[in-house]
Amino acid sequence: MLKLQERSWNWAIAHALEFGDTDVFPAPFEYQAISYDWDNVLDKLKDINVLEWCTRPARTLLSPKAKYGFRVITQLDPLDFLVYSALIYEIADDLEDRRISSQDERVFSYRVATTREGQLFEPDIGYRQFLEKCRSKLLSNGDTGVVATTDISDFYSRIYHHRLENGLRAATTKSNHVKGLMSLMSGWNGTETFGIPVGSAPSRILAETALSDVDEALLANGVDFIRFNDDYRIFASSETLAYQQIAFLAETLFRNHGLSLQPNKTAILPALDFRQQFLATPLDREMDSLHERFQNLIEELGLENPYEEIEYDDLTLEQKEIVDALNLVELFQEEADSEVPDLPVIKFCLRRLGQLGDDGIIEDIFDNLESLIPAFVDIISYFTNLRFLNVDERSMLGSRILDLLEDSIVSELAYHRMWIMQVFTSSREWDNEDQFVNIYNRERDQACKRKLILAIGRSQQRHWFQSQWRTLFEHPHWQRRAVLAAASCMPSDARKHWYRSIEPQLDVLELAVSRWAKNNPFSQ
């Protein structure tokens, strides 16, 4: 038997609320409902035997990885995610202790540093520090020798469960926790014995644990390497030595884990060429300067959240000069018009212009959408942050966003259609509500239909729910919870009677949703 500690459950819900359950799906409203009804949900969770937990339906979608690349992403049922997170929390320190120490400055990805507020990873060790270490190693070597670059092909989706289990058992003595984690993997993957959920923080520490033996083998064999996630850099005195060490890495990955390197991302470069291609382009230096100047502005304004809204009119003259000097609109336009836009620059501009509520790049986005596909989620976030649009402008933009569902470059993937409908789920300010039911009737994908249900409820189209109430349990789980939440748009007396009549048939998560919806109705 394995029962998890109350503090672990409290950490898990804090993590979900603060950091989200994935970085690829919109955050589900269910975590707000769970938080609202936390005492009742916690009472149920504290009593479960994790070793007997039956996994619940997850969601999988094909998402873009690059302009013409794709990957399968997963969003776990919210209760599954809490179980997963709480399990990881109780062994996270053990898993971190098994890894090469962060003080060795070899592995820069996802170093464990938990806090009561839900943090899992150390925020000051990451990709930027990985690049800085590359620069310092080149400097210490006098820009001589060579650098081998490579990464692992389909890393998360190809991790074998029995090899992951071996790594976990080598890292922790909490054998029931390992057994519980492997039971979750089996439940999510069915008959497949490989692959871990993509996009969530608990999966990242499992992936790091899986690679710890490879890191140790490289060190033991004198390989001078650094790593971020599945991205390796090997520093060697000659091309021959670098080739030998790349071959050793490939053999170790295959022998220990059945993994392979990506041929098109594997290269051996003279140190100066590596610096030019990976570290020292003028654009890299400009981006570092942009980040630094904007971070200084954030600190000067005293913003706790680096993505918090910035009211330009409230800035001092000096602060306005800092913002104006960034030339974000021009920088975005220049990149958007280029043959291959630089994705970090595009995302940086979208996020910062969104903070400022600057609508100066709307036309550039629609004109260059095909080349901006990898930043589509950031584009949607930018649109929703344009707080200075008037009613007519917002309605027109809402119409143009919905038009993307029809025969556009982003209409094919359910992933993109889901994010398009996300715009209309939290407010009525985007208008075009007369289209939602027709779109729902044409839509086939469950993730998109769920968003449409929420949009229909937010637009208070009560006629639709009068028929859905009778068929609630014919909906799949994720859509059913959307109906439970969105049906709160119905008149107060009607919804109270309906919720009361169905509550005996609801599970603990559905009950939390109904209680939250009754007190936070979509009719408000």
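Residues numbered from 1 in each chain as written. Predicted model: local features only at pLDDT ≥ 70, side-chain atom pairs only at ≥ 80, totals over all residues. Heavy atoms only, no water.

Examining the environment of D288
No. 1: Among the structural elements, D288 can be located in helix α11 (residues 282-301).
No. 2: Taking the C-alpha atoms as reference, D288 lies 9.7 Å from R128; in sequence the two are 160 residues apart.
No. 3: What D288 contacts, discounting residues up to four positions off in sequence, is R128 and R135. (Helix = DSSP H or I, 4+ residues; strand = E, 2+ residues; numbered from the N terminus. Contact = heavy atoms within 4.5 Å.)

Section: the packing of helix α1 (residues 6-19) against helix α4 (residues 78-98)
No. 1: Where α1 meets α4, the closest approach of the two axes is 8 Å, and the angle between their N-to-C directions is 120°. Here α4 runs oblique to α1, going by the angle between their axes. The element α1 and its partner α4 pack so that their crossing is right-handed. Judged by residue contacts, R7, S8, W9, W11, A12, I13, H15 and A16 of α1 engage F81, L82, V83, S85, A86, Y89 and E90 from α4.
No. 2: A per-class count over the contact of α1 with α4 returns 10 nonpolar, 3 polar and 2 charged. (Axes fitted to C-alpha atoms, helices over the stretch in contact; angles between N-to-C directions. Parallel < 35°, antiparallel > 145°, perpendicular 65-115°, else oblique. Left-handed = near helix turned anticlockwise from the far one by under 90°. Nonpolar A, V, L, I, M, F, W, Y, C, P; charged D, E, K, R; others polar.)

Regarding the side chain of R59
No. 1: With respect to the helices and strands, R59 occurs in strand β1 (residues 59-64).
No. 2: A polar contact is formed between the side chain of R59 and the side chain of Q75, at a distance of 2.5 Å.
No. 3: Filtering out sequence-adjacent residues up to four positions away, R59 remains in contact with F25, I73, T74, Q75, A447, R450 and W478. (Polar contact = N/O pair within 3.5 Å; in protein donor to acceptor, adjacent residues only side chain to side chain.)

Points about the domain arrangement of the protein chain
No. 1: Split by domain assignment, the protein chain resolves into domain 1 (6-277) and domain 2 (290-519).
No. 2: Each of domain 1 and domain 2 has a C-alpha centre, and these two points are 29 Å apart.
No. 3: Summed over both sides, the interface of domain 1 with domain 2 buries roughly 2,600 Å², with 71% coming from carbon and sulfur.
No. 4: Here domain 1 and domain 2 share 5 salt bridges between them. (Domains from an automatic or database assignment. Buried area = accessible area lost by both parts, 1.4 Å probe. Salt bridge = Lys/Arg side-chain N within 4 Å of Asp/Glu carboxyl O.)

Some points on the nonpolar core
No. 1: Membership of the largest hydrophobic core comes to 160 residues, with the highest contact counts inside it found for W9, L82, F383 and F465.
No. 2: Counting residues per element, this core draws most heavily on α4, at 12 residues.
No. 3: Composition of this core by domain shows at least three residues from each of domain 1 (6-277) and domain 2 (290-519).
No. 4: When near neighbours in sequence (up to four residues on either side) are disregarded, F465 contacts I453, I456, G457, V483, A486, A487, C489 and M490.
No. 5: With 13 residues, the next largest nonpolar core counts F108, L131, C134 and F274 among its residues. (Core = buried A, V, L, I, M, F, W, Y, C linked by side-chain atoms within 4.5 Å. Buried < 20%, exposed > 50% of the residue type's maximum accessible area, 1.4 Å probe, protein only.)

Digging into the sheet that holds strand β3 (residues 146-151)
No. 1: In spatial order, the strands read β4-β5-β3-β6; together these 4 strands make up an open sheet with antiparallel pairing. In this open sheet, the two strands that pair with only one neighbour each are β4 (224-228) and β6 (267-270). On average, each strand axis in the sheet is tilted by 20° relative to the strand beside it, whichever way the strands run.
No. 2: When β4 meets strand β5 (residues 231-236), the two strands line up antiparallel, connected through 5 bridges. By the bridge assignment, R227 is partnered in β5 with Y232.
No. 3: Against the sheet, helix α8 (residues 201-220) makes contact with β4 and β5, and its axis sits at roughly 170° relative to β4, the strand it touches most.
No. 4: Relative to the sheet, helix α9 (residues 239-257) contacts β3, β5 and β6, its axis offset from that of β5 by approximately 145°. (Pairing = 2+ DSSP bridges.)

Concerning the packing of helix α16 (residues 376-384) against helix α18 (residues 414-422)
No. 1: In contact at an axis separation of 10 Å, α16 and α18 are set at 10° when each is read in the N-to-C sense. What the angle tells us is that α16 and α18 run roughly parallel. Taken together, the residues of α18 that come into contact with α16 (itself represented by F376, V377 and I380) are Y415, H416, W419 and I420.
No. 2: Here the residues of the contact of α16 with α18 are counted per class, giving 6 nonpolar, 1 polar and no charged.

Things to note about the environment of H416
No. 1: In this fold, H416 is placed in helix α18.
No. 2: Judged by relative accessible area, H416 falls into the buried class, the value being 2%.
No. 3: Note: C-alpha distance between H416 and V323 (93 residues apart in sequence) is 31 Å.
No. 4: In this structure H416 touches P64, I373, F376 and V410, once residues within four positions along its chain are discounted.

Examining the pairing of β3
No. 1: Of all 6 residues making up β3, 6 are buried, and the element is well covered by its neighbours.
No. 2: Judged by which residues are buried, β3 turns out to be covered on both faces: V146, A148 and T150 on one side and V147, T149 and D151 on the other are all buried.
No. 3: Looking at chain direction, β3 and β5 are connected through 6 bridges and run antiparallel. Its bridge partner being in β5, T150 is matched across the sheet by Y232.
No. 4: One ladder, built from 4 bridges, connects β3 with β6; its direction is antiparallel. Residue T149 lies in a different strand from β6, and its bridge partner there is A267.

What about α9?
No. 1: End to end, α9 covers 26 Å across 19 residues, agreeing with the expected 27 Å (1.5 Å per residue, within 8%).
No. 2: Along α9, the residues that are buried comprise A242, Q245, I246, L249, T252, L253 and H257. Along the axis of α9, the buried residues cluster in a sector spanning 125°; they form a single face. Away from the buried face of α9 by more than 90 degrees, exposed residues T240, Y243 and F254 are located.
No. 3: Where the residues of α9 are buried, they touch β3, α6 (161-171), α8, β5 and β6.
No. 4: A positive phi of about 70° marks G258, the residue just after α9. (Expected span 1.5 Å × (residues − 1). Arc of directions from axis to C-beta.)

Examining the pattern of salt bridges
No. 1: Counted by the stated rule, this structure contains 33 salt bridges.
No. 2: In this structure, R450 engages E30 in a salt bridge whose closest nitrogen and oxygen atoms are separated by 2.8 Å. With R450 in helix α20 (residues 446-458) and E30 in helix α2 (residues 30-36), this residue pair connects regions lying 420 residues apart in the sequence. E30 carries the same exposure label as R450, and that label is buried.
No. 3: Its salt-bridge partner being R428, residue E433 comes within 2.8 Å of it at the nearest N-O pair.

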